[in-house]
Amino acid sequence: MRLTLDVLRQFTDLPADVREARILLDEVGLEVKRIDPSGPGVPVTLELLANRGDHHCLTGLAREVTGRTGGAVKFPEFTPLVVGDAPHPIRVQTPLCAVYSLTLLELPRPARQVVPSAADLAAALDGDDDLSLEDDVDLLEDDADADAAPAPTGSLSEADRARLEACGLRPIHPVVDATNLANLELGQPTHAFDADKIKGPITVRLSRAGERCLPLFQTERVELPEGTLVIADDEKILAVAGVIGCEDSKTDEATTRVLLEAAAFDPVAVRKASRALSIHTDSSARFERGSDFAAVLPGASRVAGLLADAGWSVKGTTGVVSSWSDPGRVVRFDAEACRRFLGIDEDDLELYTRLERYGFELVDHGVRVPTHRLWDIEYPADLYEEIAKSIGYDNTPIGLPAIDMGGLPTHAESVRDVVADVLVGQGFYEVITDGFHGRDLPEQLGFVGDHPLAAHVETANAIDRAYSLLKNEALGAAIEGVAANGRMKHDEVKAFEFTRTFHPDSAAPNGVCTERNVLWAIASGSERARTWAGTARPADASWLKGVVEEISLALKLPLTVGAADASYPIGSALHPGRQASILLSGRTVGALGEVHPGVVAAFKIKRARPVYFEIALDTLVAEPASKPFTEPPRVPPVERDLAFTLANGVEGGTVAALLRASGPTWLGRVAIVDLFAHEEDGRAVRTLTFRLFYDNEEGNRTADEMNQATEALIAVVTDKLGASGVKLRV
Amino acid sequence: MSKPDVEAMLASFRADLAAAADLTALDEVRRAHAGKASPLKGALKGLKALSAEDKPVFAAVVNAAQEAVEAELASAKLTLEAAELERRLLSEWSDLTLPGVATPRGARHPVTQVEARCMEVLRRLGFTLVDGPEVEHPFYNFDALNIPEHHPARDMQDTFWVSGGLLLRSHTTTVQARVLEERAKDLKAGKDVLPIRVASMGRVYRNEAVDATHLAMFHQFEGIWIDKGLTFAHLKGTLAFVARALFGETRRVRFKPKFYPYTEPSVGVDVSCGVCDGAGCEACHGAGWVTILGAGMVHPKVFAQFGYDPDQVSGIAFGLGTTRMAAQTTGITKIRSLYEPDLRTLSSLHRGL
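No experiment lies behind these values; they were computed from the predicted model shown. (Residues numbered from 1 in each chain as written. Chains lettered and ligands numbered in written order. Predicted model: local features only at pLDDT ≥ 70, side-chain atom pairs only at ≥ 80, totals over all residues. Heavy atoms only, no water.)

**Comments concerning the overall build of chain B**
For step 1, the next point in the chain: Counting secondary structure elements, chain B contains 11 helices and 10 strands.
For step 2, the next point in the chain: What you see for chain B is a C-alpha radius of gyration of 42 Å, clearly larger than the 20 Å of a compact globule of 353 residues, by over 25%.
For step 3, the next point in the chain: Structurally, chain B occupies a C-alpha span of about 130 × 50 × 45 Å along its principal axes.
For step 4, the next point in the chain: Residues counted as buried form 53% of the 353 residues belonging to chain B.
For step 5, the next point in the chain: Of the contacts made within chain B by residues no fewer than 6 positions apart, 68% connect residues no fewer than 24 positions apart.
For step 6, the next point in the chain: Surface summary for chain B: the accessible area is close to 15,900 Å², and the carbon and sulfur share equals 54%. (Helix = DSSP H or I, 4+ residues; strand = E, 2+ residues; numbered from the N terminus. Rg over C-alpha atoms; globule rule 2.2 N^0.38 Å. Buried < 20%, exposed > 50% of the residue type's maximum accessible area, 1.4 Å probe, protein only. Contact = heavy atoms within 4.5 Å. Areas by Shrake-Rupley, 256 points an atom, 1.4 Å probe, with all protein chains shown as cover.)

**Observations concerning the environment of Asp131 of chain B**
For step 1, the next point in the chain: Turning to its location among the elements, Asp131 of chain B is positioned in the loop between strand E1 (128-129) and strand E2 (135-136).
For step 2, the next point in the chain: Between the C-alpha atoms of Asp131 of chain B and Val198 of chain B, which are 67 residues apart in sequence, the distance is 9.8 Å.
For step 3, the next point in the chain: For Asp131 of chain B, the contacting residues outside a window of four places in its chain are Arg500 and Asn517 of chain A together with Val175 of chain B.
For step 4, the next point in the chain: Side-chain polar atoms of Asp131 of chain B contact the side chain of Arg500 of chain A, separated by 2.9 Å. (Polar contact = N/O pair within 3.5 Å; in protein donor to acceptor, adjacent residues only side chain to side chain.)

**Focus on the interface of chain A and chain B**
For step 1, the next point in the chain: The interface is formed by 96 residues belonging to chain A together with 92 residues belonging to chain B.
For step 2, the next point in the chain: The junction of chain A with chain B conceals about 7,800 Å² of combined surface from both sides, 57% of it contributed by carbon and sulfur atoms.
For step 3, the next point in the chain: Of all residues in chain A, Tyr393, Tyr429 and Ile432 of chain A bury the most surface against chain B, accounting for 10% of the area lost on that side.
For step 4, the next point in the chain: Where chain A meets chain B, there are 12 salt bridges.
For step 5, the next point in the chain: With its nearest N and O atoms 2.8 Å apart, the salt bridge here joins Lys258 of chain B to Glu31 of chain A.
For step 6, the next point in the chain: At the boundary of chain A and chain B, one finds 36 residue pairs in polar contact (both at pLDDT 80 or more).
For step 7, the next point in the chain: For the side of chain A that touches chain B, the leading source of residues is strand E21 (residues 493-504) of chain A, giving eight residues.
For step 8, the next point in the chain: The residue inventory of the side of chain A that touches chain B, partitioned by class, reads 43 nonpolar, 22 polar and 31 charged. (Buried area = accessible area lost by both parts, 1.4 Å probe. Salt bridge = Lys/Arg side-chain N within 4 Å of Asp/Glu carboxyl O. Nonpolar A, V, L, I, M, F, W, Y, C, P; charged D, E, K, R; others polar.)

**Some words on the side chain of Glu594 of chain A**
Residue and element names in this part refer to chain A.
For step 1, the next point in the chain: Mapped onto the elements of the fold, Glu594 is located in strand E25 (residues 587-595).
For step 2, the next point in the chain: Its relative accessible area of 5% is what places Glu594 among the buried residues.
For step 3, the next point in the chain: At 2.4 Å, the side chain of Glu594 and the side chain of Arg609 are in polar contact.
For step 4, the next point in the chain: Sequence-distant contacts of Glu594, that is, excluding residues within four places in its chain, are made with Leu574, His575, Arg578, Arg609, Pro610 and Val611.

**Remarks on the sheet that holds strand E6 (residues 217-227) of chain B**
Residue and element names in this part refer to chain B.
For step 1, the next point in the chain: Reading across the sheet, the seven strands line up as E1-E5-E6-E10-E9-E8-E7 and stay open at both edges, with mixed pairing between neighbours. Here the strands that pair on one side only, and so sit at the sheet edges, are E1 and strand E7 (253-258).
For step 2, the next point in the chain: Relative to strand E9 (residues 289-298), strand E8 (residues 263-272) runs antiparallel, the two sharing eight bridges. Counted as the bridge partner of Ser266 is Gly296 from E9. (Pairing = 2+ DSSP bridges.)

**Thoughts on unusual backbone geometry**
For step 1, the next point in the chain: Of note, the amide linkage connecting Leu194 of chain B to Pro195 of chain B takes the cis form, showing an omega dihedral of -5 degrees.
For step 2, the next point in the chain: With an omega dihedral of -10 degrees, the bond running from Glu264 of chain B to Pro265 of chain B counts as a cis peptide bond.
For step 3, the next point in the chain: By secondary structure assignment, the location of Pro265 of chain B is in strand E8.
For step 4, the next point in the chain: The backbone of Val42 of chain A shows a phi angle near 60 degrees, a positive value even though the residue is not glycine.
For step 5, the next point in the chain: Tracing the backbone through its elements, the reader meets Val42 of chain A in the loop between strand E2 (31-35) and strand E3 (43-47).
For step 6, the next point in the chain: Look at Val42 of chain A and you get buried, because its relative accessible area is 10%.
For step 7, the next point in the chain: Despite not being glycine, Ser278 of chain A has its phi angle at roughly 55 degrees, a positive value.
For step 8, the next point in the chain: One can find Ser278 of chain A in the loop between helix H8 (267-277) and helix H9 (282-288).
For step 9, the next point in the chain: On the basis of relative accessible area, Ser278 of chain A is assigned to the exposed category, the value being 58%.

**Points about helix H20 (residues 652-662) of chain A**
All names here are of chain A.
For step 1, the next point in the chain: What H20 keeps buried is the set Gly652, Val655, Ala656, Leu658 and Leu659. End-on, the buried residues of H20 take up no more than an arc of 160 degrees, which puts them together on one face.
For step 2, the next point in the chain: On its buried face, H20 is in contact with strand E27 (638-647), strand E28 (667-680), strand E29 (683-694), helix H21 (703-721) and strand E30 (726-728). (Arc of directions from axis to C-beta.)

**Some remarks on the pattern of salt bridges**
For step 1, the next point in the chain: Across all of its chains, the model carries 69 salt bridges over all chains by this definition.
For step 2, the next point in the chain: Across the salt bridge formed by Arg68 of chain A and Glu27 of chain A, the nearest N and O atoms sit 3.0 Å from each other. Here Arg68 of chain A is found in helix H3 (residues 58-69), whereas its partner Glu27 of chain A is found in helix H2 (residues 18-27), with 41 residues between them in sequence. The same class applies to Arg68 of chain A as to Glu27 of chain A, namely buried.
For step 3, the next point in the chain: Across the salt bridge formed by Arg87 of chain B and Glu84 of chain B, the nearest N and O atoms sit 2.9 Å from each other. Taken as a pair, Arg87 of chain B and Glu84 of chain B lie in helix H4 (residues 54-91) at a separation of three residues, close to a single helical turn.

This is the structure in structure tokens:
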């Protein structure tokens, strides 16, 4: 809400010092978002609390201030309107309008007489309402009497206009200005119809299917959702109740007779209409938060008073249709409980005095809630809040409850920390990507058609297409990260994330999807960034496998990298010859590999060859950590090297596993210590050197024994894998 | 036999020694003049042929010469070793103005660093982290938290709806609602569930047009503490502890009225601006204060919703935007960049450009 401190001072006393005034406003819950201490009148913008509709006016703000300071609110002076016969027929056909009032005002203009057409009068009189248009006829006679009076200006005073402008409202038309000013002062929105544009009784009702109207400042008629709360005459919709008037009945320069509407509308009805039309006005803001139903007539009276100063006069009495009476809500107030709750020691009288400042009235066992607070005061705690505000939140006592013992990280938190520590140590940066993506991403990944990842949970109302689908995999965002960095000529990427993916599942407890926590990491470029000391080897799938092994060691979990699992969903987006499964106790929990060149091209990545892994994080958390300690031998093992030449496609791991399985019990370990890629008979082959570590703890193993064991292993490998293209390299 | 010419031997040794330029050459001199085949060793063997009175005289002369040779060799060795070391040190000069070449570490994300810090602080108060779903039933996101349909508070959080009438949680308070519901079952079963001290954190979603300062997804952190006899004073004490632990012991803390549907009274917590220390500057829009936390006493309607008696238990709830806090602590002004995978930003935060 925009206003100036000078304008607010017209309604309550404030500290003279701008900074002190600002602190006071902040402290009573009228948060100052902007202030210009050197601007005219000291302009401020307040952020109002969403539940306090009563703050949306100057007297409301003043009331809040005086609840703290104890001063008095300076209300504008006006003469109450006289309620009697309605100046125009009113029909209220819905309980969503609790109070509806109409007041007729006229601006005498000797040169001009406005006479309702016979058809208008007939139409109105034919209505089944029990009110008549007789007053209108009378008024025409009054007009004639005004001939002798001095020509009225029809406009608000300079001071009133200045006040409007200080609060960010541009003067438009005297009648509109008066309604705006009264709303600004008292928080009762009103609306003025040009009386001469109304055909028949004014009806408050719900809109019918297909009904259209032309809201103010719009150029085309809009269709209203059926059941919208509207004000209508016999021919057209005059206003969307509490939101905005319509062009067809608006006041303009030629207007001399207005029907002033002041009413109390249902907050939800106004809110629905405002949202449906995307029209948000000061009026809708006020009604949506619940208006003061007792303020209808004072609001109309203030408008009439302002317009009277401008030469307009009220004709006849004000008609009111009301189904509302003050419920007189009493909220239990136990002073002792309040003292305990706030930790204060003020006596009962002091507490009641504070409540009275906010307009609460002391009754038996509680306080009676003033009408302007019926929307937000229901519980004793609501009253404690008033007391706390009155004292000042900073002035009530402060203390910590007794604390028995601190807490510990959960296992899930610890797992993440251990994993992150390994990855950070290997040069990875943690990133955070969105929880959703656009529809183009699955296409780039080839996850379409009958692909297991083609189905997504979809957002129903995303205002940005990039948020159409909830992420069901993490690979896309990871590759996009490499692409984004590549566009900045940054190909050295090492990134990881603990993220969550969403998987459509009608059998899930919520009937829609399951959520999975995923750890992923992606790397491109080299193992470590190039330095003056030379280029490191590329960050390829083998390197990434090493990273996974480090994670396995750090977590003390049997996490291994094994043959690719054809059913793993993201496998199709990885290089078919450079991918593997990540297994935990033999169960597939993730995948690792180089991103498929086709996918790399689809993301328009030019240079990088990203490698990626992902692991289902929840499986790591569920598995108990265990790694028994093995004492290192006191005597160094005896080493024997064996070199085998392998046809391309035969995995070194197969040979190593066979060696390990076939050796004697005292074969401790088999390591691959060298790889030599070369040609043999015109075909590409690889020669791998396997180092056998024979335990010789007792020192009694003879060279012959070890030589025999080695010969036996050569025989086994030749026998079992010879046909696959494995032979000893001599 | 003639008497050995020890003088000549020594002269020859000294000439060779003077010519030895390095330790290899010195070894050669040692072999030639002190080795088994050296003239001095030969002279020693030749003593047997001398007469009884000449023998002791010449033995003394040869021994003295041998000792002289050994001493001079040792001395020359020291000299040459020192010279060699000198040469080596000179040749081994390393340009340490060049950058270090250790494998550079990466870094945790600024938001997770903030989360870790928040948990560290809350654990001291006995809080435990609890996780919850991001795709939520509106009951836990709104209704259970005293935000009925068509309440203006729903406007404060433009919601992403997904199929099945579910939504993407717009705040982590959903986890609190779930915890209250779950513990209420134990409470009804007569178990002692108090105190409840849980924290929740993670991604939340708002259906907003994204720009440099507005995000459709960001991170929040929340805590809830339910027990008998918790008061507004305890709320303030807890918040002041958390605020100072997170932002620094020297920061001043102030409390101001706020509105959150699920707390009553609701409180906003400000700390004195870290840039101007309260004097008012551009960073704090002249206020001298920066808002960091939203909090309050758990609303009686929230208690009633899950079957707790608000006359018997009370609660403290608070939350903060970890994304915003990460921006505040790193100095990033465009918070969107925290969620972009631009490693230049992340590495620059960690190790500078």
